[in-house]
There are 2 protein chains.
Amino acid sequence: DEGHLGAISRIINGIPGSEAAMFLESLPGDKRYQVWELIDESCRGEVLVSLHDEVRDSLIEHLDTDELVDATRDLDLDDMADIIVDLPEEVSNELMLSMDKTSRDMLHQVLSYPEDSAGGLMNPDVLRVRTDVNVDVVLRYLRFRENIPKPIGDLFAVGRKGHYKGRVPLETLLACDPKTPIRDIVDEDAPAIMDTTHASEVAQDFEHNDWISAPVINEKNQLIGRITIDDVVDVIREEAERSVMRMAGLDEEGDMFAPIISASKRRAVWLGVNLLTVLLAAFAIGFFEDTIKKVAALAVLMPIVASMGGIAGSQTLTLMIRGMATGQVGSGNIRNLLNREVMIGVINSFVWAIILSIVIVAWYKDVEMGIVIALALVVNLIAGALAGVLVPVFLRRLSIDPAIAGGVVLTTVTDIVGYVSFLGFGTWILLG
Amino acid sequence: DEGHLGAISRIINGIPGSEAAMFLESLPGDKRYQVWELIDESCRGEVLVSLHDEVRDSLIEHLDTDELVDATRDLDLDDMADIIVDLPEEVSNELMLSMDKTSRDMLHQVLSYPEDSAGGLMNPDVLRVRTDVNVDVVLRYLRFRENIPKPIGDLFAVGRKGHYKGRVPLETLLACDPKTPIRDIVDEDAPAIMDTTHASEVAQDFEHNDWISAPVINEKNQLIGRITIDDVVDVIREEAERSVMRMAGLDEEGDMFAPIISASKRRAVWLGVNLLTVLLAAFAIGFFEDTIKKVAALAVLMPIVASMGGIAGSQTLTLMIRGMATGQVGSGNIRNLLNREVMIGVINSFVWAIILSIVIVAWYKDVEMGIVIALALVVNLIAGALAGVLVPVFLRRLSIDPAIAGGVVLTTVTDIVGYVSFLGFGTWILLG
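Small disclaimer: the values here were computed from a predicted structure and weren't measured.

J.: For this particular structure, what's the right way to read the relation of the copies chain A and chain B?
T.: With an RMSD of 0.1 Å, the fit of chain A onto chain B corresponds to turning through 180 degrees and sliding 0.0 Å along the axis. Considering both components of the superposition, the chain copies are consistent with a two-fold axis. The position closest to the rotation axis in chain A is occupied by the C-alpha of Lys293(A), lying 2.4 Å away. Here 98% of the interface residues in chain A have copies in chain B that are interface residues too; the copies meet face to matching face.

In structure tokens:
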């Protein structure tokens, strides 16, 4: 009804575009278009930029050319570059035509870089200052300019041919005497980011240096744009999400909104990989079929040993993956870490081996069974610690991302070691 | 040797403090103090702030009072607040004495808040402007001030009693005529952050609004400090790491550097929780001991069904946890998601049931065994999808973080359903 729609309209136009986008995504598909219609034209561009690809695509299909052009016309160049490739050709052509030549050239420049590079992240609209003017001239220039890019951040000094000369810290600019020449306050040692640098490296640079903005240069050392912290925050958040998603074999983006068939396909691959590894484990168990026939209790208890090794190993693996990503784990301390993790494995395996064997002896009234499970648990927790340290090191040497493949390889090791050690000790002690 | 140390010294003093801290952490314990000695006194404070707690504590034990006071004296108030509680009392007393009264009062204020609240994150050193002055006065005030807090970001307007009046966007301040009164450019609708707001909520506000800095107010609406994006970036990174660590039952911080005994204790808890769940699964298998005695092949193959259900379920669970954290999953679309995930489960279970049963028939030359495993796989993949959606919803209703407990509960469900369905179908079809 009318009152209800009015309330939604007031709310959705009172929140930032990225929040409105999340609200749209939380709605069932058929309601999304209805709510979209309630968003003010001036806010629509930002909402569109913030939506996940799949949701955006399905919304774009609903909209006609005029509506899309009106929504996206006033976007910043970096946002425009993100979205223009997803728009129908008719719309992107019209947008290009409505721009002045400078903007069009700048847009083409951003589009010429991969999305996950510094060049793809940057906004070519950057404040350039010359070193031979003074602070007062720069402050006047800012007033004269129609709009200052937001956030303003530090300014960047360029030479005659557009070569990057250094960073002019905003705080210094505001603190010093207006007659000071820029030459005296420019930080010539401040590094610039190469256009081809990977986005995750850019994010690390921002984190370590506490930058608000950073200059981007090309191979000729020309200043071609700047990256601001708000874009970097998005990179950091996306990377964190991606690694969690990848660990579960999911596509990093939008799986939740993808059509059922394509989502099924992506996940099927991961299920297939897992099937291979668990078939390997089953094959190992197969060698002990005769033992199991004689002592079925071994089959009842064997998942315990395999599972505990997997848990202990994945604790070590998680630490290793994180440490390797942040650089805290390197060739200098791998040996120390290995010793440390094995020690922790030994301590915990003794603790739980004692408790578990008490439980099993009480359950099966069979002391030998308690000894079998205790021995197997100690072996598998140590195997888990070893695999947790060595699997990621080994994968990285093969240039495979340990965050993606580490879990699968690790549980294959702990499953097989767990089943084989438990059934092996069982055959030896109970039937030997 | 000398040349080697000189090279390390040049490198470590040429990189940001947070990178130097990571380098220290990557060294074995006994080398850390040696390298610390090579760091310039002016850089030591920042390095100390960036170290993980456990590494910092062990380093602090090595240092005497004078060294610590010299290293930390010039830190920003928010960094000082982070570190002062970890310093020996002698050092913190001396630091407090060396401050002027204003700084000391501000420090006490920050220390009065929990670390993960807006009050604990904020820096009380904030630029306050009055609304009855003009832009020129503000610019002069900035020049007159000895040092402008970095990054400068927007300024905040206050009333006579220090009440927060609104945000003065830095870009507007620089763009407008110096004679403009602040009153005309202050954004009175710009929200402030309450001192008690949780850090993760602060991070979301920054992300959605693309803020560089934001004002913090107390319950009397007085401006008491500001939070800047560099601190928020740390919060975002830490939260991402924490959720990955917690999923593996690890302490969020510093497990890699904690003493072996305390690390073992933390991990033992998680192993214990897992032991309970896997004992439950073993108990369920126990009901089928007679069946296993007759058909030992069932024991060989049963881990396959349990494992596949766990993988499929954790894919759904990962999506749900992420969607619930970002707000994309809400009561409005749970039913849609459930249908969707079950559909994906059905599709993938049929695909893999066919492939798996072909493999098993070829392996065991037994068509009935192929039928048993196919049926059980379909049941368990659908159970995985249902559990993947419902377990996090259920946990959240109990105010338990699904990112911590979700995986354990889910695999308990898929293990038990997997074993019981496979052994149940096996008893019924093969022995019935």
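J.: When you look at the interface of chain A and chain B in this model, what are you seeing that I'm missing?
T.: It is common to give the size of an interface as the accessible area that goes away when the parts come together. Listed per partner, the contact involves 111 residues of chain A and 109 residues of chain B. Together, the buried faces of chain A and chain B total about 10200 Å²; carbon and sulfur atoms form 66% of this surface. The interface formed by chain A and chain B contains six salt bridges. Note that Lys150(A) is salt-bridged to Glu171(B), the shortest N-O span being 3.5 Å. The interface formed by chain A and chain B includes 20 residue pairs in polar contact (both at pLDDT 80 or more). Ranked by the residues each element gives to the side of chain A that touches chain B, the list is headed by helix 18 (residues 297–326) of chain A, at 20 residues.

J.: I keep staring at the sheet that holds strand 3 (residues 164–168) of chain A and nothing clicks. Help me out?
T.: Two strands in a sheet stick together by hydrogen bonds in their backbones, pointing the same way (parallel) or opposite ways (antiparallel). Residue and element names in this part refer to chain A. A sheet is described by the order of its strands in space; here three strands give the open sequence 1-2-3, paired in mixed fashion. What marks the edges here is a single partner per strand, and that holds for strand 1 (128–130) and strand 3. Between one strand axis and the next, the sheet turns through 40 degrees on average, direction left out of account. Across three bridges, the pairing between strand 1 and strand 2 (residues 155–158) is parallel. Bridge pairing links Arg128 to Phe156 in strand 2.

J.: Any chance you could explain the nonpolar core here in plain terms?
T.: The nonpolar side chains of soluble globular proteins are, as a tendency, buried together. Counting 134 residues, the largest nonpolar core has Phe206(A), Ile227(A), Ile229(A), Leu24(B), Phe206(B), Ile227(B) and Ile229(B) as its most contacted members. For Leu24(B), the residues in contact, after removing those within four places along its chain, are Arg32(B), Val35(B), Trp36(B), Ile39(B), Val47(B), Leu51(B) and Leu59(B). In this structure, Met302(A), Val300(B), Ala312(B) and Ile373(B) belong to the second largest nonpolar core, which totals 86 residues.

J.: Can you walk me through the side chain of Asn348(B) in this structure?
T.: By the secondary structure assignment, Asn348(B) is in helix 19 (residues 334–364). Note on Asn348(B): relative accessible area 4%, which makes it buried. In this structure Asn348(B) touches Ser264(A), Arg267(A), Ala268(A), Leu271(A) and Leu381(B), once residues within four positions along its chain are discounted.

J.: How do you make sense of the packing of aromatic side chains when you look at a structure like this?
T.: Two aromatic rings, taken as a pair, are described by how far apart their centres are and by the angle between their planes. All names here are of chain B. This model, assessed by the stated rule, comprises 10 aromatic pairs over all chains. On the basis of an interplanar angle of 35 degrees and a centroid distance of 5.2 Å, the ring pair of Trp363 and Tyr364 is categorised as tilted. On the basis of relative accessibility, which here comes to 30%, the residue Trp363 falls in the partly exposed class. When the ring of Phe425 is compared with that of Trp428, the centres are 6.4 Å apart and the planes differ by 40 degrees; the resulting orientation is tilted.

J.: Can you walk me through the packing of helix 2 (residues 17–25) of chain B against helix 4 (residues 41–50) of chain B in this structure?
T.: To describe two helices that pack against each other, one gives the angle between their axes and the distance between the axes. All names here are of chain B. Between helix 2 and helix 4, whose axes approach to 8 Å, the crossing angle comes to 60 degrees. Taken together, the axes of helix 2 and helix 4 are oblique relative to one another. Where helix 2 crosses over helix 4, the handedness of that crossing is right-handed. Across the interface between the two elements, Gly17, Ser18, Ala20, Ala21 and Leu24 from helix 2 touch Glu46, Val47 and Ser50 from helix 4. Of the residues in the contact of helix 2 with helix 4, the class split is four nonpolar, three polar and one charged.

J.: Help me out: how do you make sense of the sheet that holds strand 1 (residues 128–130) of chain B in this one?
T.: Residue and element names in this part refer to chain B. If you trace the three strands from one edge of the open sheet to the other, you get 1-2-3, paired in mixed fashion. Edge positions in the open sheet fall to strand 1 and strand 3 (164–168), since each of these has one partner strand only. Strand-to-strand, the axes of this sheet are offset by a mean angle of 40 degrees, without reference to chain direction. Two strands pair when backbone bridges link them, and strand 2 (residues 155–158) and strand 3 are joined in this way by four bridges, in the antiparallel orientation. Its bridge partner lying in strand 3, Ala157 is registered against Gly166.

J.: Explain the pattern of salt bridges to me, please; I cannot follow it from the model alone.
T.: Two side chains with opposite charge may pair up if their charged atoms get near one another. Here the structure, examined in full by the defined rule, presents 25 salt bridges over all chains. Two residues, Arg267(A) and Glu341(B), come together in a salt bridge whose shortest N-O distance is 2.7 Å. Of the two residues, Arg267(A) sits in helix 16 (residues 260–286) while Glu341(B) sits in helix 19, which places them in two different chains. There is no split in this pair, since Arg267(A) and Glu341(B) are both buried. For Arg340(A), the salt bridge is made with Glu341(A), and the minimal N-O distance between the two is 3.9 Å. Accessibility expressed as a relative area gives 2% for Glu341(A), which makes it buried. Linked through salt bridges whose partners overlap, the residues forming this network are Arg130(A), Asp132(A) and Arg160(A).

J.: Just checking my understanding: could you explain the pairing of strand 5 (residues 213–217) of chain B for this structure?
T.: Sheet faces and side chains relate simply in a regular strand, where the side chains alternate between the two faces. All names here are of chain B. Where burial is concerned, most of strand 5 is hidden: five out of the five residues are buried. Residue alternation in strand 5 divides its side chains into two sets, Ser213, Pro215 and Ile217 and Ala214 and Val216, and both sets are buried. The sheet contact formed by strand 4 (residues 193–194) and strand 5 spans two bridges and is parallel. Note on strand 5: the bridge partner recorded for Met194 is Ile217.

J.: Sorry if this is basic, but what is going on with a negative patch on the surface here?
T.: Where like charges cluster on the molecular surface, the negative patch consists of Glu46(A), Asp82(A), Glu115(A), Asp116(A), Asp234(A), Glu238(A) and Asp210(B). On the secondary structure map, Glu115(A) appears in the loop between helix 9 (101–111) and helix 10 (118–121).

J.: What am I meant to see in the domain arrangement of chain A here?
T.: What the domain assignment reports for chain A is domain 1 (2–112), domain 2 (128–247) and domain 3 (259–431). For domain 1 of chain A versus domain 3 of chain A, the distance between C-alpha centres works out to 49 Å.

J.: Just to check I follow, could you spell out helix 2 (residues 17–25) of chain A for this structure?
T.: Of all the residues in helix 2 of chain A, the buried ones are Gly17(A), Ser18(A), Ala20(A), Ala21(A), Leu24(A) and Glu25(A). All buried residues of helix 2 of chain A fall inside an arc of 160 degrees around its axis, so they share one side.

J.: Could you clarify how one ought to interpret a nonpolar patch on the surface in this entry?
T.: A contiguous nonpolar surface patch, about 190 Å² in accessible area, is contributed by Val351(A), Ile355(A) and Val359(A). Note that Ile355(A) resides in helix 19 (residues 334–364).

J.: Explain the confidence of the model for chain A here, please?
T.: Low pLDDT marks regions whose predicted coordinates should not be analysed in detail. In this model, chain A carries an average pLDDT of 89, and 99% of its residues clear a pLDDT of 70 or more. In the model of chain A, helix 1 (residues 2–14) of chain A stands out as the element of lowest mean pLDDT, 81, in contrast to strand 4 (residues 193–194) of chain A, which has the highest, 96.

What counts, and where the lines are drawn
Residues numbered from 1 in each chain as written. Chains lettered and ligands numbered in written order. Predicted model: local features only at pLDDT ≥ 70, side-chain atom pairs only at ≥ 80, totals over all residues. Heavy atoms only, no water. Least-squares fit on C-alpha atoms with pLDDT ≥ 70 in both. Contact = heavy atoms within 4.5 Å. Buried area = accessible area lost by both parts, 1.4 Å probe. Salt bridge = Lys/Arg side-chain N within 4 Å of Asp/Glu carboxyl O. Polar contact = N/O pair within 3.5 Å; in protein donor to acceptor, adjacent residues only side chain to side chain. Helix = DSSP H or I, 4+ residues; strand = E, 2+ residues; numbered from the N terminus. Pairing = 2+ DSSP bridges. Axes fitted to C-alpha atoms, helices over the stretch in contact; angles between N-to-C directions. Core = buried A, V, L, I, M, F, W, Y, C linked by side-chain atoms within 4.5 Å. Buried < 20%, exposed > 50% of the residue type's maximum accessible area, 1.4 Å probe, protein only. Phe/Tyr/Trp six-rings, centres within 6.5 Å; stacked < 30°, edge-to-face > 60°. Parallel < 35°, antiparallel > 145°, perpendicular 65-115°, else oblique. Left-handed = near helix turned anticlockwise from the far one by under 90°. Nonpolar A, V, L, I, M, F, W, Y, C, P; charged D, E, K, R; others polar. Patch = residues over 30% accessible without salt bridge, like charges linked within 9 Å, V, L, I, M, F, W, Y side chains within 5 Å. Areas by Shrake-Rupley, 256 points an atom, 1.4 Å probe, with all protein chains shown as cover. Lys, Arg positive; Asp, Glu negative; His and termini not counted. Charge placed at Lys NZ, Arg CZ, Asp CG, Glu CD. Domains from an automatic or database assignment. Arc of directions from axis to C-beta. pLDDT = per-residue confidence, 0-100.

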